[in-house]
Amino acid sequence: MEDKLDCTEQLRQAKIELQLEKERSDQLEKLLNHDPDTGLKQRHILVRRINRLIMENRSRFAFGILRLDKHYQRIRHTRDRMKVLLYISSERLKPITGENNLYQSDRSDEFLFIIPDYKDRKDVENQIEEMIIKIKEPHNPPASDISFGCNVGVALFPDHANNLEELEVNAEIALGIFKEKNWKGSLYSPEIGRHYHENQSLESLLRACILNNFEGFHIAYQPIVNRNKQLISCEALLRWDAPEVGVVSPARFIPLAEESGLIIYLGKWVLYNALRQMKKWLEGKMKNLQVSVNLSTLQLEQDDFIETVSNALKSLELPGEAVHLEITESAVMANPELAKNRLAALQDLGIEIMLDDFGTGYSSLSALNQFPINTLKIPKEFVDVLPEDPHGLEMVRAILGIAKTFGFTTLAEGIEQQEQFDCLIGEGCQLIQGYITSPPVGASEFEERFLSGSV
Ligand code: C2E
Ligand code: CA
């Protein structure tokens with residue numbers, strides 16, 4: 001009897017031990033395989049799954065990367081807040097991907113996912129779109145002041161790759177392309193791959209030319225005139241005649257330079273050379289000419305940017321009043337606090353600030369009022385439809401009205417026709433830039449055509 005009791009007790013103890021052992025191993029498994037913040041399975045589990053799927057080679061699947069965008073990165077209030085928002089994002093994505101198909105990447109701002117046995121490209125594209133929309137949805141208080149989006153890149157097995165490495169590379173390429181302006185797709189395609197490789201070689205050439213004493217670069221100047229077509233200032237625009245490739249449009253190489261950070265060197269070069277040119281022209285009889293130089297966000301964000309500009313002015317003994325700096329509305333809004341401080345410091349040097357492409361970004365009127373700005377540039381796309389298009393005219397009138405309220409100067413660009421010129425001047429626009437006067441031309445042609453007799 002006693003023996004039997006002993007046996008039952010031993011069995012009970014053993015069961016408890018086993019249960020505890022299982023719990024410990026579950027916990028260990030969770031710790032090893034799951035992300036502590038989101039609870040999602042980690043990348044190495046996905047790698048195992050993908051390798052298995054590839055080995056079996058029985059089904060097709062899509063592999064994707066979803067990276068939260070720079071607005072998420074800028075949430076630096078507390079790390080805890082970032083973790084909560086990461087968790088919320090994962091919860092939003094789970095119903096779309098299915099809990100088992102969503103994984104935490106090694107990066108803390110990124111998810112990985114697979115779509116097993118997708119039907120067709122459309123099926124994949126629909127899911128991508130759903131994910132993008134879901135991440136963008138507003139957050140509840142206390143995070144309701146925060147909004148961010150994401151970039152997605154997806155590659156298909158076996159259409160785009162037949163191993164994990166290639167899948168990851170192609171998904172990353174698709175993600176990079178997705179960030180490029182006007183490129184809608186985030187699903188890899190051979191065309192996207194080709195575009196990426198062309199960009200890569202152009203970027204290498206850009207780097208090599210910069211290192212080779214800015215080989216092939218020069219600055220073109222476009223006149224800016226008043227209502228009487230008298231020359232007031234000019235915009236400095238960078239040109240690149242690349243060795244063996246020929247002329248590359250700024251619309252192509254400037255975004256590459258911005259993406260790679262090379263714009264910092266190019267921007268500095270443009271600034272120094274445009275100011276040097278201005279010094280030469282001002283030493284002639286042209287006493288009131290000014291030059292506008294384009295700035296990219298990255299330049300403005302450099303800690304030594306104000307010092308660079310101030311040193312350039314000092315070394316050339318040039319007054320700040322001879323210089324205008326142009327920055328786009330979206331560049332300002334990318335980091336409004338920093339932009340506000342830096343632009344004010346530039347104004348303290350006597351430099352005027354122009355807001356480029358005004359009306360194409362998303363700054364609110366109240367934000368506009370807070371920024372140290374002198375001039376609004378009305379973009380070509382609004383001017384193109386003048387004078388016939390009533391909607392375009394309303395748009396231009398609205399910008400001119402805002403400028404009047406805040407005391408900004410107005411400059412319309414891309415004016416090609418006399419009717420556009422007359423319409424804008426009639427509506428009260430103060431300055432005009434466009435092919436109607438001249439396209440951007442090299443320094444010596446500019447001097448000959450616009451400064452002869454005065455230089
Ligand atoms: P943006 O600052 O908006 O410059 C105005 C663009 O409009 C220039 O193109 C100019 O050539 C063009 N344009 C001016 N008037 C007319 C016109 O009547 N008709 C037409 N069709 N076009 C006109 P561009 O030189 O190709 O420059 C393109 C963009 O590249 C610039 O746009 C600017 O964002 C960027 N960029 C050029 N140089 C620099 C630079 O030194 N630094 C930076 N950060 N960006 C630059
Ligand atoms: Ca400009």
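Residues numbered from 1 in each chain as written. Chains lettered and ligands numbered in written order. Predicted model: local features only at pLDDT ≥ 70, side-chain atom pairs only at ≥ 80, totals over all residues. Heavy atoms only, no water.

**Student:** Please clarify how the sheet that holds strand β1 (residues 41-42) should be interpreted in this entry.
**Tutor:** Sheet strands pair via backbone hydrogen bonds, and the direction of the pair is either parallel or antiparallel. One open sheet holds the 5 strands; their spatial order is β1-β3-β4-β2-β5, and the pairing between them is mixed. With partners counted over all chains shown, the strands left at the sheet margins are β1 and β5 (150-157), one partner each. For strand β2 (residues 61-68) and β5, the ladder comprises 8 bridges, and the chain directions are antiparallel. For leucine 66, the partnering residue across the bridge sits in β5 and is valine 152. (Pairing = 2+ DSSP bridges. Helix = DSSP H or I, 4+ residues; strand = E, 2+ residues; numbered from the N terminus.)

**Student:** I tried to follow the pattern of salt bridges on my own but got confused; where do I start?
**Tutor:** Opposite charge on two side chains permits them to pair, given that their charged atoms come into close proximity. Taken as a whole and judged by the stated rule, the model has 24 salt bridges. Between glutamate 110 and arginine 107 there is a salt bridge, with the nearest N and O atoms lying 3.6 Å from each other. Taking the shortest distance from any N to any O, the salt bridge between glutamate 198 and arginine 252 comes out at 4.0 Å. In this pair, glutamate 198 is assigned in helix α7 (residues 190-211) and arginine 252 in helix α8 (residues 250-260), connecting sequence segments 54 residues apart. The class of glutamate 198 is partly exposed, set by a relative accessible area of 43%. Assessed through its relative accessible area of 30%, arginine 252 is described here as partly exposed. A network of salt bridges, in which partner residues are shared, links Arg67, Arg107, Asp109, Glu110 and Glu172. (Salt bridge = Lys/Arg side-chain N within 4 Å of Asp/Glu carboxyl O. Buried < 20%, exposed > 50% of the residue type's maximum accessible area, 1.4 Å probe, protein only.)

**Student:** Which parts of the structure should I look at to understand the environment of glycine 39?
**Tutor:** Structurally, glycine 39 is set in the loop between α1 (2-33) and β1. As a C-alpha pair, glycine 39 and serine 147 span 108 residues in sequence and 23 Å in three-dimensional space.

**Student:** Can you walk me through the nonpolar core in this structure?
**Tutor:** It is characteristic of soluble globular proteins that their nonpolar side chains tend to be buried jointly. One finds Leu206, Phe217 and Leu346 to be the most contacted residues of the largest nonpolar core, which totals 84 residues. The element best represented in this core is helix α9 (residues 263-283), accounting for 10 residues. Residue contacts for phenylalanine 217: discarding those within four places in its chain leaves Leu206, Cys209, Ile210, Leu238, Arg239, Trp240, Phe253, Leu266 and Trp269. Within the second largest apolar cluster, 30 residues are counted, among which are Leu68, Val124, Ile146 and Val152. (Core = buried A, V, L, I, M, F, W, Y, C linked by side-chain atoms within 4.5 Å. Contact = heavy atoms within 4.5 Å.)

**Student:** Is there a simple way to think about the pairing of strand β12 (residues 375-378) in this case?
**Tutor:** Each regular strand carries side chains that alternate between the two faces of the sheet. Both faces of β12 are covered, namely the face carrying Thr375 and Lys377 and the face carrying Leu376 and Ile378. With 2 bridges joining them, strand β11 (residues 352-356) and β12 adopt parallel strand pairing. Bridge pairing in β12 links leucine 355 to leucine 376. Strand direction decides the pairing type here: β12 and strand β13 (residues 409-413), joined by 4 bridges, are parallel. Residue pairing in the sheet places lysine 377 in a bridge with leucine 411 of β13.

**Student:** Please explain the coordination of the calcium ion (ligand 2) as it appears in this structure.
**Tutor:** The expected angle between donors at a tetrahedral four-coordinate metal is 109.5 degrees. At an octahedral six-coordinate metal it is 90 or 180 degrees. In this structure, Glu235 (OE), Asn294 (OD1), Glu326 (OE) and Asp356 (OD) serve as the protein donors to the calcium ion (ligand 2), at separations of 2.2 to 2.4 Å. Take glutamate 235: its relative accessible area is 3%, and that puts it in the buried class. For asparagine 294, a relative accessible area of 27% translates into the label partly exposed. (Donors = N, O, S within 2.8 Å, 3.2 Å for Na, K, Ca; no water.)

**Student:** Help me understand the site of ligand 1, please; the structure alone is not making it clear to me.
**Tutor:** Taken together, 21 residues sit near ligand 1, with Gln222, Leu238, Arg239, Glu416 and Tyr435 positioned nearest. In the model, an oxygen atom of ligand 1 is placed 2.8 Å from a nitrogen or oxygen of the arginine 239 side chain. Here tyrosine 435 contributes a backbone N or O atom positioned 2.8 Å from an oxygen atom of ligand 1. Surface burial for ligand 1 is 80%, taken as the share of its 790 Å² of free accessible area covered by protein chains. Mapped by element, the contributors of at least two residues to the shell around ligand 1 are β7 (231-242), α8 and α9. With 4 residues, the single largest contributor to the shell around ligand 1 is β7. In terms of residue class, the shell around ligand 1 is made up of 9 nonpolar, 5 polar and 7 charged. (Near = heavy atom within 4 Å. Polar contact = N/O pair within 3.5 Å; in protein donor to acceptor, adjacent residues only side chain to side chain. Areas by Shrake-Rupley, 256 points an atom, 1.4 Å probe, with all protein chains shown as cover. Nonpolar A, V, L, I, M, F, W, Y, C, P; charged D, E, K, R; others polar.)

**Student:** What is the right way to read the packing of helix α4 (residues 79-97) against helix α5 (residues 121-136) from this model?
**Tutor:** Packed helix pairs are specified by the crossing angle of their axes together with the interaxial distance, meaning the distance between the axes. Two elements in contact, α4 and α5, have axes separated by 10 Å at closest approach and are oriented at 155°. On the basis of the axis angle, α4 is roughly antiparallel to α5. The way α4 lies across α5 gives a crossing that is right-handed. Between α4 and α5, the residues in contact are Ser89, Arg92, Leu93, Ile96 and Thr97 and Gln127, Glu130, Met131, Lys134 and Ile135, respectively. For the contact of α4 with α5, the per-class residue count stands at 4 nonpolar, 3 polar and 3 charged. (Axes fitted to C-alpha atoms, helices over the stretch in contact; angles between N-to-C directions. Parallel < 35°, antiparallel > 145°, perpendicular 65-115°, else oblique. Left-handed = near helix turned anticlockwise from the far one by under 90°.)

**Student:** Which parts of the structure should I look at to understand the packing of aromatic side chains?
**Tutor:** Each aromatic ring pair is described using two quantities: the centre-to-centre distance and the angle formed by the ring planes. All told, the structure shown has 13 aromatic pairs when counted by the stated rule. Members of the aromatic cluster, joined through ring pairs, are Phe214, Phe217, Trp240, Phe253 and Trp269. Seen from the ring of tyrosine 118, arginine 60 lies directly overhead, with NZ or CZ sitting 4.7 Å from the centre. (Phe/Tyr/Trp six-rings, centres within 6.5 Å; stacked < 30°, edge-to-face > 60°. Lys NZ or Arg CZ within 6 Å of the ring centre and 35° of its normal.)

**Student:** I keep staring at the environment of glycine 426 and nothing clicks. Help me out?
**Tutor:** The topology assignment puts glycine 426 in helix α17 (residues 418-427). A relative accessible area of 63% places glycine 426 in the exposed class. Between the C-alpha atoms of glycine 426 and arginine 227, which are 199 residues apart in sequence, the distance is 9.3 Å.

**Student:** Please explain α8 as it appears in this structure.
**Tutor:** Three- or four-residue spacings in an α-helix give side chains the same orientation, since the helix completes a turn every 3.6 residues. Looking only at α8, the buried set comprises Phe253, Leu256 and Ala257. With its buried residues spanning 100° around the axis, α8 presents them on a single face. Those residues of α8 that are exposed and aimed more than 90 degrees away from the buried face are Ala251 and Glu259. Against α7, β6 (217-225), β7, β8 (246-248) and α9 lie the buried residues of α8. You can read the cap of α8 off the contacts: a side-chain oxygen lies 3.0 Å from the backbone nitrogen of alanine 251, and it is on serine 249. Just downstream of α8 lies glycine 261, where phi reads positive at about 85°. (Arc of directions from axis to C-beta.)

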